[in-house]
Structure formats: structure tokens, C-alpha cells
Amino acid sequence: MGSLETGFPSKRNNYYSNNNGFSGQRSRSRFTRLVFFKRVDYLQLICGVATLFFFVFLFQVFFLPGEDGNNNNKSGNKKINDLVGENGGAVFDELLFLKELDFGEDLKFEPLRISEKFRKNGDLSKMVARFGYRKPKIALVFADLVVDQHQILMVTLATALLEIGYEIEVFTPENGPTQATWREIGVPISVIATSDENINCSVDWLNYDGILVNSLKSVGFLSCLMQEPFKNIPLVWTIHEHTLASRLRTYVSSGQSELVDTWKRFFSRATVIVFPNYILPIEYSICDPGNYFVIPGSPEEAWQADKQLALPNNNNLRSELDFGQDDFVIAVVGSQLLYKGVWLEHAFVLQALYPILTHFEDSSSRLRIIIVLGGDSTSNYSTTVETIALKLGYPNETVKRVTADRNTNTVINTADLVIYGSFLDEHSFPDILLKSMSLEKPIVAPDLPGIRKYISDKIDGYLFPKEDTRVLTQIMFRMVSNGKLSFIARNAASIGKSRARNLMVSESVEGYAFLLENILSLPSEVAVPMAAKSIPKKLKSEWRWHLFDAIKDTDSPSKMEMIFLDKIEKQFNRTNGENSVASIGSNDTFLYTIWEEQKYLDMTNLRKRKEDEELKERTDQPRGTWDEVYRSVRRLDRSLHERDEGELERTGQPLCIYEPYYGVGTWPFLHNVSLYRGLGLSTKGRRPGADDVDAPSRLPLLNNGYYRDVLGEYGAFFAIANRIDRIHKNAWIGFQSWRATARTKSLSKIAEKSLLDAIGTRKHGDTLYFWARLDTDPRNPLKKDFWSFCDAINAGNCQFVFSETLKEMYGVKHNLSSLPAMPSDEGGTWSVTNSWVLPTKSFVEFVMFSRMFVDALDTQFYDDHQKNGHCHLSLSKDKHCYSRLLELLVNVWAYHSGRRVVYVDPATGVMQEQHNLKSRRGQMWIKWFQFTTLKNMDEDLAEEFDSDHSKNRRLWPLTGEIYWHGIFEKERNMRNREKEKKRQQSKDKMQRMRKRTHQKALGRYVKPLVDDSNSTSLAAKLLR
């Protein structure tokens, strides 16, 4: 290599050196030759150098020790070095890991999804004009009515909500001593019956704008609220219990994933799950569906402290922990979150407490320090604490570690003084400090923002900066005097107890009120309550303790949460089976998909077969001989199914009332007698074993979820009217909403008999009978007139939408200046909730009008609602957009088509005619609603659809039959083409048979000769 550097250059190098004038100079180094003689790009060189410096910088930041700009970390490192020593030693080698610990600043819970949802919703629905006919209704759900923290919290909250404009009702399956408290503040109570530990779901939850469920023990109500049509009601579930969190971890470790999935489904049903602190959401993280929210503040600690102080055996608590009665006990508590820096924090606290040992040298009492820490009791933390105490010079058995799994109340009640030894800044005030203050213990805590907000230094507690624990030592010298608590410590404890009794009441009450403001979607007839900040100060300054003072029975027979969870497990295992739950849960979706496909194929084949039979019925077919007729009748009899008792009983009745329903939650409100028949709007939620009509099979439009929701019970009307003679054989037809039954507005036995008698005698002729009045509807407490009420429940746009729909329906080009008159003369009223009876012929006419009206309505507003989610009849996104307007449509048709309108009292059966025909003269739009006009319009639509198969979307062809006079000619031509096609096919077949070639025989069969012996024997047999 040396010869190459000092010898003669190669020809190529010599060429470049001569051209650049470098001849006669000494040879360059390798790097120089690489740069100048190999034509290396300078941009590559710059990038390489920059990359080198970048990696050097990263190495210095992450791997080399350096100074931190934060003074807190500097002081912390200095304190660690002072505590452990620069070089350590053989004795303290176990403590060298303290230098690498942190204070857990990165541990926190933030409800990002809920907060983002609140920001999106804003107050848009509250800024629009409202009618304010009624107050928003809230349902409070409890597992029982015994005194506990949930009752105290909700009574305080209910008092504030009533003040700002809410209406509240309490539901519980078990009565209790707090019943008098609720009645005292003006809240009604409904006791729900239970059977076999199951909640009876006989409540119409749609009457309430929001539901507040309290405690895990009320989980049975969620099974009702998870069913249609209640699964979209805003629900707030308040959980204060820790027991389920530990049970869930046990389920995971033991492989009981089905139980975990069950609780996940319950947690997912709630709109928001509220916890009183930021520890519980982390404990329940395994079930987090993204709806966790924290509202700090609960009377639980103060309530439990009062119960514990009332116990007679408080003096024996020290003996349980092996402490003497004269010992001075300091409890060092901290955050419930476990992080590696907690050991370091306790080491700092022990170092600061060491100087007060001098107060106990000449005293008969001893200093005892209890460190309360959560986690595994078998961990090596006790050994670490002993090692730290040994280094600091503490006598043996002075420092003791106790797990938080034990009774924390006992440990705190035993202590003379409580020190909060965690430097982690939490979002809310620590529960352990609130518990200590409630037990009248003086507290010392670091000066953290979450603690400084509620503790006044040197008044109800003492604070020290976490950067300088020497202040903690100074505080301890003030609070301890001659081995006892000083006067200022006892005074701070007394003030702290009175302060803790009502701590964070304002945050809790305002937090729930703010939450309800953001999750409730109030209809337009509901008045907006006042804002959370408008709650009077006297209602959010303290818990309503005085309302529970007179209640002596504070023990709950079912308060044991572990027993409750055991019942839930047994009930789940009994229902689903311990071994088959997992397999069923994994395959039910696949099996249901197969069932849906088979159901669809069967329905398609059945519909095609019925259409073919209908075509054959319209054909002039020869009757044939008696034998042929007999065989066809026998064949038809074999194809008919065996009718049940209800169908046989309905055959001879003049009336059948259909009850449309959607979802399992409506089953308790349906009748099971022959006068009524269920009408399921969805195949999934039909009652098993009941003779209910499957509406989607009669009207495929209802398989579309959008139109099933937007039409509501009108989908049932269209389904029954579609080829009505095949399903309904009675002269009169009626409908009754399940919600009328839930409101106790359904027909009684007396009213049913009265109605049947009037129908049988034709007392009123062609009449609309109804039994749900507009003036007694809960949505109309002010008893407004027809159009005012319609505007109130449809965001103020009822008259505008009705006018635009009539213009589209009748093809009116000019502005429609007026609406059909709907007067309330002489106290007359109207029908609501689709509960009425009509002659079957009139019902078909009404459906003819309704189909065209709904088609015009959908044509006008489909695009805005389906694509943009904007409904002109609602203040928010509403999937039941048209249903409230259509609910009142039967009144307009009956009034202006000249039908009599009669109200039937659902309790007594007394009938009263409304809007007498004589009083309607000059007000009816008879030409717009008469049968000939509607029939001509219907045939025009049918002809237009039949002749012009355009791609324009129309709803009318999907809501029923398409018929006009030209359809007979079209069907006759189609049958003739079919006959001609079959005849031609037969001719072609015969022609092919004649022309096909036949294979010739390969040979001729020759009969073999008979032997003589055989012939002789045969002749002998013949002679015999």
C-alpha cells in the first residue's frame, strides 16, 4: 500500500492531475481522492454529514446522562442521591433502583370520545324555537329504596333538577324506607313487579326523555332497555362499586369470556357510564366501549364514616393491628394507581418523618407508621420498606406495610394522623383523603392542584411542596407534641370533618345537569330546562342529609355486592349453560344468516306462487267434470294449514283489531284474545307461538329499515291493505297502538262490548270510532287545537309540510293559501296514537288516500332526510321523521270525506259523536277527499307506472297493489303469449320426435331347437 501512495500514479490519475494543474504536488489522502478524483456528489456528502450529526444528537439525548431543564427533576435526583448515596454500598445495593423511578405523571384517564361528542352536538337543538308544552321527563331506576350513597346523591340531584325544570319519576322493583323521602320532595314512585329474579318489562320507557340507572344491582333493567323499541333512549348508568372490576379480572384469568362479553353488552347499552372518580374507569377498562365519563363527588365516604363512627367497638381496632393504645400511628396513604415511582415517594416521606422520632424518646408512646399500598400482598415491597427504614435509622417494627385489600376504614380509623404520600397529580380529590377527613383525622398532603383546590392550608389540612419534603418535617413538628396530636392538628381535623361532609357537591350536581344537557334530544314540544349553572347555590352546597335523619333502618338485605354478582352468574349460567355458551355465541350469527336467506327464498317462492294462482283465477277456465272438481278440492284441502283457535274465533266476528308492534319490549302490552291480533313490523321481533301477522312478508317495503322506521305504524296499515281479502275476512277493521295499552287507554271489556254492539246494529253507519283523545294526550297538557298540536310535535313545520304535500299530491301549481279546516267546536276532540275502528271498505279507501299522501311527502323531503339526516318535522336527526304527522292524518281524511267521528270512552264504553255533520257544512273539502277523485288519481298513478318504467324513485308502487282498467288487457295478452309459446314448443317437440332417426336392428332373433328328451317329457306332461 505504501508503494501505491508514494510511487507513480496510474494513467487515469495522471490524466486528471495534468488537466487540473495538480502536477508536482504531493499525493492526496484516500478521502481527498474519493472526493476530488471519484466525482462524489457534494449533495450526498452534505446529507451524510447531517445524518451523522443527527445520530450523535439522538445518542446524547437518550443514552448519555445530561441535565434536565426542570428544576423539580434536579431536586428529585439530588434527593435520590442523598437518600441512596452516590456509591451505595453492599448494604444498600437493593435501593439503587430508586434512581430510575418516576412519579407516574403519564397515568391519567380522559373521556375523549364523550368530550368529542359533546363538542359536536353543542347547543344547536336548544337554540331553536320551542313550544314548551311539557317538561322533560327523567326516569330514575334503583334496585331498592334502602339508604345508601346512591339514594343520597340522587335525592340531592333530583331536588336541583326539579328546580331547573325537569320532571322525575322513580322506578324500583323493591320498596324501602326512602320512599317517604322521595314523596316529600314531590317525586312519584312506581314499584315494578318481579318474577323469578327477572324484571317485568311492563314500562313504556318511550314516555321518558332520559333514564338514570343507579348501581350495578340495577343491571336487570338494562335487559329491558336493550330491546326494541327502547334501545335508543339516552341512558346514564352510575357505577360506584369496585367489586365487579376484580371479578372481571377473575373471569379473564379463568377463561370465562362469555361472562365478560355479557357485561360488555350491558356496558355498551348505556349512552354514558358515570364514575365518581378517575380510578374506576381504569379498573373497568376491560369493558370500556368508549362511553366512560367521570363526575367527581359522592356522599359515600361521609356516609360510611358516620356508620363506622357509630359502631360500639372502635377501641378494639388497634389490637387487631397489634398496636398499643398509647402508640402514635401515622398512616401513609397514596394513589390507588400502581406505578414504580410510588416506592420512591414513600422513601422521601419516611426520610422526612425520621426527625420526629426525637419526640418519642422520652415518651411512653411509640411511633408506628403504616404504609397502605394496593397490589399483591405477596410482593417484595415489605422487604423494600424494611430496607429503606433500616438505612434511615428507624427502629425495628416501626414501619409496617398494609395492603389496601384489607379494610381501609379500619386502618384510617386506627391512625392518629394521615399523610398522603403520592406525588401523582390526579384529576379529582383522592377518595382516601376524603375518607380520612370524614373520620376526623388531620391530613398532610403535597401541594398538588387537585388537592389544593379543596384543602385550605393550615385550616382544614396541611400542604407541603413535593419538591421540598423538608417542609413536611416542619409540619410534623407542629402537629406532634410530646407523642400526641397538638391542638392545631385536632382543630384542623375538626374543621376538615365538617368540610368533607359536603365536599364536591356542586361539582356533582352541576356535572349531572351538564351531562343531561348534552345527551338528551328533546322533542319540539318539550321546554328546554335551565342551564346547569342556573341551579340555586343552596341546592348544590350540601347533600340532603336532613331528609334521611328520620330513617332508622339503614341496613339493606341485598347490599352485599358479592352475593349480587353470584346471583348474576348463576342466572346467566342457568339461562345459557356453562359449557355451550361459547359455542352458541360464536355460531349464532352464522346460523341466523342461513335462516334469513332461507326465509327470503321461501317468501319469494310463496309470493310467486300466489301471483300465479291469482292469474289463473282471473282466467276463464272450464270447470271440468265432477271428478276433476273433487280432486282439485281435495288437493286444496291438503295444502291448507290447520287453523288455530284464535283464527277460528275471529271468523265469525264482525271486527278484528290489529296491534302493530316492533321489538320484544312491546310484548307485555299486547293482547292475547281473539278480538285482537298482533302485527309484527319486523320478522325478528315476532312473538313465538302467537298467531301474529308478519308485515314484511305482506309488504316487502318493510324489510327496508329506513321506511319501517320513518313510516312507523303506517307500515302496518299498508301491509294489511295489500290484498286485504287474503288476510282480513271481517266487515270492520281496527288498530290499537301498544302505547295506548301502556298508558291504560286501551279498551276495557265493557268498552269492547259497547263497540261491538254499535257495529252490529250499525248505530252510526260509516263511522270512525276512536278512544285515544287529543286533549288528554300527555304531549298536550295545554289542550291546544289540532294544527297547533301538530306544529308542536313536528318542530313547528306541520302546516307547511302538509300544505306542500297536498300541492305535490294534487298537482296544484299555485300557492295553497289555506289548509283543511280542523275546528274544535263545542269541545270536540280528535284521535291520536292510531287507535281507531273503521269499516273495512272505508279502510281500503283511507289507505288509497294515505298511499298517495305518503308518496308525495316522501318525494318532497326524502333527499334531505336520507342523505343529509335533516328532518323538517324534527329538531334533530330523527329516524321516525314522518310518523308524528301521519299519526293525525286519519282525522283529516275522516272529517273531509264526510265520515262520522265518534269517541268511545275506553273505561265505560260511553259513546259521544264529535264534529257533527251539520256543523261541517261549508268547511269540508269534499271534492278533494271523495272516493271518485281518489280512485281516478290512483288509477292514473298505476297507469303511469305500468306504462313508463322510468328510473325515477317513487314510493307509491312499493306501498300496495298497482291496478287500473288496462291491466286486464295486459294480462290477457300475456296469457295468450304464454299459450302460443307452449303450443309452439309442443309442435317443435312433435316435429323433433318425427324427424329423429331410429337405429336399425343389428340382427334377427332365431329361436333355438328343442331337444328330444325335453320334447318327450313335455308331451307326457301335456297328456296328463
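As shown above, the structure is provided for reference.
Conventions used here
- Residues numbered from 1 in each chain as written.
- Predicted model: local features only at pLDDT ≥ 70, side-chain atom pairs only at ≥ 80, totals over all residues.
- Heavy atoms only, no water.
- Buried < 20%, exposed > 50% of the residue type's maximum accessible area, 1.4 Å probe, protein only.
- Helix = DSSP H or I, 4+ residues; strand = E, 2+ residues; numbered from the N terminus.
- Pairing = 2+ DSSP bridges.
- Axes fitted to C-alpha atoms, helices over the stretch in contact; angles between N-to-C directions.
- Contact = heavy atoms within 4.5 Å.
- Expected span 1.5 Å × (residues − 1).
- Phe/Tyr/Trp six-rings, centres within 6.5 Å; stacked < 30°, edge-to-face > 60°.
- Lys NZ or Arg CZ within 6 Å of the ring centre and 35° of its normal.

## Quick look at the pairing of strand β18 (residues 655–661)
Summarising burial for β18: seven of the seven residues are buried, a large majority. Here β18 shows two buried faces, one formed by Leu-655, Ile-657, Glu-659 and Tyr-661 and the other by Cys-656, Tyr-658 and Pro-660. Strand direction decides the pairing type here: β18 and strand β21 (residues 732–735), joined by four bridges, are parallel. By the bridge assignment, Leu-655 is partnered in β21 with Trp-732.

## Describing unusual backbone geometry
Residue Pro-229 is reached from Glu-228 by a cis peptide bond, and omega for that bond is 5°. The residue Pro-229 is located in the loop between α10 (219–225) and β7 (235–238) in this model. Even without glycine at this site, Met-504 takes up a positive phi of about 65°. When you line up the elements, Met-504 lands in the loop between α22 (487–500) and α23 (505–519). Assessed through its relative accessible area of 5%, Met-504 is described here as buried. A positive phi angle, near 60°, is found at Ala-795, a position not held by glycine. Topologically, Ala-795 is positioned in the loop between α33 (786–793) and α34 (798–810).

## Some remarks on the sheet that holds strand β14 (residues 443–446)
Reading across the sheet, the six strands line up as β12-β11-β10-β13-β14-β15 and stay open at both edges, with parallel pairing between neighbours. With one partner strand each, in any of the chains shown, β12 (399–403) and β15 (462–464) form the two edges of the open sheet. Ignoring strand direction, the axes of neighbouring strands in this sheet form an average angle of 20°. Note that strand β11 (residues 367–373) and β12 share five bridges and pair parallel. When the bridges of β12 are listed, Ile-370 appears paired with Lys-400. Across the sheet, helix α17 (residues 381–392) lies against β11 and β12, angled at about 160° from β12, the strand it touches most.

## Looking at helix α16 (residues 341–353)
The terminal C-alpha atoms of α16 lie 19 Å apart, and with 13 residues this matches the ideal 18 Å at 1.5 Å per residue to within 8%. Taking burial as the measure, the 13 residues of α16 include eleven buried ones, the bulk of the element. Taken residue by residue, α16 has Gly-341, Val-342, Leu-344, Glu-345, His-346, Ala-347, Phe-348, Val-349, Leu-350, Ala-352 and Leu-353 as its buried positions.

## Quick notes on the packing of aromatic side chains
Overall, the coordinates contain 41 aromatic pairs when judged by the stated rule. One aromatic cluster is present, built from ring pairs that chain together Tyr-658, Tyr-714, Phe-717, Phe-718, Phe-735, Trp-836, Phe-843, Phe-846 and Trp-893. Residue placement shows Arg-501 over the ring face of Trp-545; its charged tip is 4.3 Å from the ring centre. Arg-773 extends its terminal NZ or CZ atom over the ring of Tyr-903, reaching a point 4.6 Å from the ring centre.

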